[in-house]
Amino acid sequence: MQITSPQFKANARHALDDAPLQRALGHVRSGFITKRAVAAAALPEFDLLRDNARDIKDHVLAHLDLYLEAYAEKVEAAGGTVHWAETAEDARRIILDICRKRGARTVTKGKSMITEEIGLNAFLEEHSVAPVETDLGEYIIQLRGEHPSHIIAPAVHVNKDQVEADFRRVHTHLDPERNLEEPTTLLGEARAVLRDKYFQADIGITGANFLVAETGSSIIVTNEGNGDLTQILPKTHVVVASIEKIVPTLEDVSQILRVLARSATGQDMSVYTTVSTGPKRAGDPDGPEEYHVVLLDNGRSAMLGTEFQDMLRCIRCGACMNHCPVYHAVGGHAYGWVYPGPMGAVLTPSLIGVDKAGHLPNASTFCGRCESVCPMRIPLPKMMRHWREREFSRNLNPATARYGLALWAFFARRPALYQGVTRLAMGALGLIGRGRGRFSFLPLAGGWTRHRDLPAPQGGTFQAQWAKAKDTRSKSASGRASA
Amino acid sequence: MTATAQTGAQPNETAQAPKTAPRVGLFVTCLVDLFRPSVGFAAVKLMEDAGCLVEVPAAQTCCGQPAFNSGDRKDARAIAVQTIRAFEGYDYVVAPSGSCAGMLKKHYEELFDDDAPARERAAAFSAKVFELVSFLTDVLGVTGVDASFTGSVTYHDSCSGLRELGISRQPRKLLASVEGLELKEMRDPDVCCGFGGTFCVKYPDISNKIVEEKTKTIRESGAGLLLAGDLGCLMNMAGKLKREGSAIEVRHVAEVLAGMTDQPAIGEKRQG
Ligand code: SF4
């Protein structure tokens with residue numbers, strides 16, 4: 001997938017001018033937030049579960065190598081095959097090899113952000129393997145030739161009318177006069193079209209929400225049941241997951257599941273929680289003949305032991321973006337790569353480099369709402385600030401910002417000088433602004449005054465006024481203190 | 001204004017405020033110092049009314065947040081050292097801003113990760129820091145103020161005050177004691193106004209979109225006056241409301257609590 005994160009500002013401008021997108025983003029603002037709040041409030045131990053969830057993942061990350069080995073052994077013991085992929089390129093190659101060996105022409109896919117991360121669909125198409133997305137949202141954006149704009153609601157930027165138009169454009173074998181008014185009709189049509197694909201598919205590819213070290217199982221949570229059909233019907237099931245998806249036991253999974261759906265959609269549980277362990281065993285009524293797991297690193301192990309390690313606790317619930325004012329304003333595509341919102345602002349620089357993704361951790365007001373809802377208690381603003389520190393130390397931020405900051409710091413570190421200069425400046429500015437009480441334009445303040453007025457200072461600094469009144473004040477105050 | 005004439009605040013009997021007048025160092029904050037000194041005087045009045053001895057150390061400038069949030073730890077640290085030194089010897093350090101108080105209270109320690117003694121000094125300093133309204137209610141036990149304001153107000157929860165310092169019911173409680181004041185809550189008062197320090201000038205278009213959503217909810221509240229505890233947010237929202245031609249006035253919450261609303265509201269011209 002083409003990276004447009006360096007053009008974040010232009011992307012954002014474009015998104016702000018996109019009226020249908022802005023309408024669609026309104027739903028994010030209203031829908032997810034209330035649902036999560038209600039679900040969290042209904043569970044008295046919710047915050048305690050968040051602590052547990054954090055501790056479980058912290059423990060795993062401290063011993064990741066051991067848990068990965070244990071997990072891989074269990075997968076092999078259950079008859080599956082584990083493939084280690086250091087880079088996205090490695091992962092794509094491994095998956096293509098499996099496709100080639102099985103002579104696969106069509107693969108069905110459950111929803112997986114990791115396959116977005118490694119750009120799997122485009123790669124498979126280049127090599128004459130047709131990937132078919134089976135999650136409704138993913139299916140829609142595949143038809144549109146787009147990428148997800150949200151990690152759990154990939155087509156949240158698309159309106160119903162647009163979906164209707166896409167279905168009419170692509171499903172040409174159906175009656176052009178059919179009625180597609182109701183969202184449920186659209187869903188029914190997608191179901192019917194996809195049903196055939198499940199049976200044609202040679203391979204089913206899914207992601208994983210959890211990999212369980214104790215049992216060698218992979219677990220997906222979905223609401224549509226498409227993931228189950230994807231992994232059960234074809235002869236081969238390939239799980240693609242990044243290494244930090246490991247948890248020690250099924251008990252741990254159940255702890256984290258209790259915060260996952262509540263944080264994501266406000267559900268107590270997702271509709272389907274599906275556990276797969278190896279291929280079909282003798283006596284199993286169904287299941288794949290082959291079971292592969294592709295374990296992707298792609299920059300994650302390099303985050304271990306750094307100030308960004310906590311980010312590896314992320315369970316991709318999407319709560320941070322659902323609550324982010326910047327995401328609400330510009331949507332997911334503006335972020336310019338796979339992961340949007342606050343989690344993307346931290347993760348993307350780790351995965352594609354802060355030189356390309358530098359805008360993302362900067363485009364935050366540090367309002368802290370993401371951290372306050374993150375079920376894994378990831379200190380997202382703090383880590384965005386760490387990225388800013390890296391940028392600052394590498395001189396990656398714009399020169400004007402750097403010089404402005406240096407000039408400001410020069411004065412801020414010299415209180416006496418600072419007070420002398422500000423007294424004069426604010427006195428002058430106060431006089432100029434006094435007539436209207438505000439400025440609608442000021443040189444060097446264009447960033448501010450483009451969209452709003454700048455309130456004029458009252459004139460004279462507090463320090464100057466206080467110094468004047470000090471003598472009398474200190475007398476009366478000390479008189480009172482000794483009284 | 002004299003310090004002894006006003007005895008309006010009603011300290012709660014059960015609060016564990018020290019018997020002798022607590023010595024408070026006022027951290028003015030750079031925006032109040034430069035743009036709205038009247039907020040500083042309102043803060044002084046509120047604390048003196050509650051029985052504090054308030055001083056304003058001269059060797060203060062800014063809390064260092066612009067440097068800290070721009071990734072410039074070195075300058076942030078130097079400013080922190082300077083601030084900690086300036087406020088040595090006070091029982092409390094109080095700022096009329098959740099954002100600056102949050103910086104002083106929650107972030108100074110991490111600036112000295114590699115220097116244990118300095119870190120300890122920072123921790124001791126941070127323990128004394130409070131945001132103004134939280135200080136009045138949570139520390140001094142003030143339950144009401146002696147002020148009146150005729151009209152309806154709406155209150156915006158600034159992000160740092162709310163999420164770093166847990167300030168939400170305290171200002172509402174004190175506002176409820178202001179005679180004649182009616183609080184009309186806006187929808188989602190806890191949603192960011194889009195200021196974000198340097199964010200608003202680095203990403204003006206996004207900031208504008210966020211503040212537009214905010215002013216919409218402010219207007220829908222039907223209140224005639226917008227209050228908050230952070231001058232940065234207030235200047236952002238006032239600047240937008242004025243650009244939109246709104247008649248809603250904007251003030252720092254301390255001005256109303258101190259009964260000091262004689263100065264023109266933020267962004268308004270002087271009468272006459
Ligand atoms: S960072 Fe937290 S809130 Fe955001 S997706 Fe990950 S777990 Fe969810």
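Thresholds applied
Residues numbered from 1 in each chain as written. Chains lettered and ligands numbered in written order. Predicted model: local features only at pLDDT ≥ 70, side-chain atom pairs only at ≥ 80, totals over all residues. Heavy atoms only, no water. Helix = DSSP H or I, 4+ residues; strand = E, 2+ residues; numbered from the N terminus. Pairing = 2+ DSSP bridges. Core = buried A, V, L, I, M, F, W, Y, C linked by side-chain atoms within 4.5 Å. Buried < 20%, exposed > 50% of the residue type's maximum accessible area, 1.4 Å probe, protein only. Contact = heavy atoms within 4.5 Å. Salt bridge = Lys/Arg side-chain N within 4 Å of Asp/Glu carboxyl O. Near = heavy atom within 4 Å. Nonpolar A, V, L, I, M, F, W, Y, C, P; charged D, E, K, R; others polar. Buried area = accessible area lost by both parts, 1.4 Å probe. Expected span 1.5 Å × (residues − 1). Patch = residues over 30% accessible without salt bridge, like charges linked within 9 Å, V, L, I, M, F, W, Y side chains within 5 Å. Areas by Shrake-Rupley, 256 points an atom, 1.4 Å probe, with all protein chains shown as cover. Domains from an automatic or database assignment.

Relative to the elements of secondary structure, B:F87 occurs in the loop between α4 (73-86) and β3 (92-95). Separated by 32 residues in sequence, B:F87 and B:E55 have C-alpha atoms that sit 9.9 Å apart.

Residues and elements named next belong to chain B. Direction of pairing for strand β5 (residues 148-155) relative to strand β6 (residues 179-183): parallel, over a ladder of four bridges. Each residue of the ladder has a partner; that of S148, found in β6, is E179. Two strands pair when backbone bridges link them, and β5 and strand β7 (residues 225-228) are joined in this way by three bridges, in the parallel orientation. Each residue of the ladder has a partner; that of Y155, found in β7, is L227.

Core analysis: the biggest nonpolar cluster contains 100 residues, and B:L26, B:M47, B:Y108, B:F135, B:L136, B:M237 and B:L257 have the highest contact counts within it. Filtering out sequence-adjacent residues up to four positions away, B:M47 remains in contact with B:V24, B:L26, B:C52, B:V54, B:V94, B:L132, B:F135 and B:L136. Core analysis: the next-biggest nonpolar cluster, separate from the first, contains 96 residues, A:L16, A:I98, A:L296 and A:C320 among them.

Here we take up the pattern of salt bridges. Residues and elements named next belong to chain A. According to the stated counting rule, one finds 51 salt bridges over all chains in the structure shown. One salt bridge connects R144 with D166, and the closest N-O pair in it is separated by 2.7 Å. Note that R144 is positioned in helix α8 (residues 136-144) and D166 in helix α9 (residues 160-170), a separation of 22 residues in sequence. Residue class for D166 comes out buried when judged on its relative accessible area of 7%.

This brings us to the site of the ligand. Of all residues adjacent to the ligand, which total 14 residues, the nearest are A:C314, A:C317, A:G318, A:C320 and A:C374. Looking at side-chain class alone, the shell around the ligand contains twelve nonpolar, one polar and one charged residues.

Looking now at the interface of chain A and chain B. Of the residues lining the interface, 70 residues belong to chain A; the matching set on chain B comes to 76 residues. Carbon and sulfur atoms supply 59% of the area that chain A and chain B bury against each other, a total of about 6,400 Å² over both sides. If you look at where chain A meets chain B, you find six salt bridges. The partner of B:R243 in a salt bridge is A:D453, with the nearest N and O atoms 2.6 Å apart.

What follows is about helix α11 (residues 204-221) of chain B. Residues and elements named next belong to chain B. The end-to-end C-alpha distance of α11, which contains 18 residues, comes to 25 Å, matching closely the 26 Å that a straight helix rising 1.5 Å per residue would cover. The buried count for α11 comes to 13 of 18 residues, which makes it a mostly enclosed element. G222 sits one or two positions beyond α11 and adopts a positive phi of about 80°.

It is worth spelling out a nonpolar patch on the surface at this point. Residues and elements named next belong to chain A. On the surface, a cluster of nonpolar side chains totalling about 230 Å² of accessible area is made up of F410, L417 and V421. Along the chain, V421 falls in helix α21 (residues 415-433). The exposure class assigned to V421 is partly exposed, which follows from its relative accessible area of 35%.

Attention now moves to the domain arrangement of chain A. Considered domain by domain, chain A is made up of domain 1 (1-42 + 319-397), domain 2 (62-298) and domain 3 (410-482). When each unit is reduced to the centre of its C-alpha atoms, the spacing between domain 2 of chain A and domain 3 of chain A is 59 Å.

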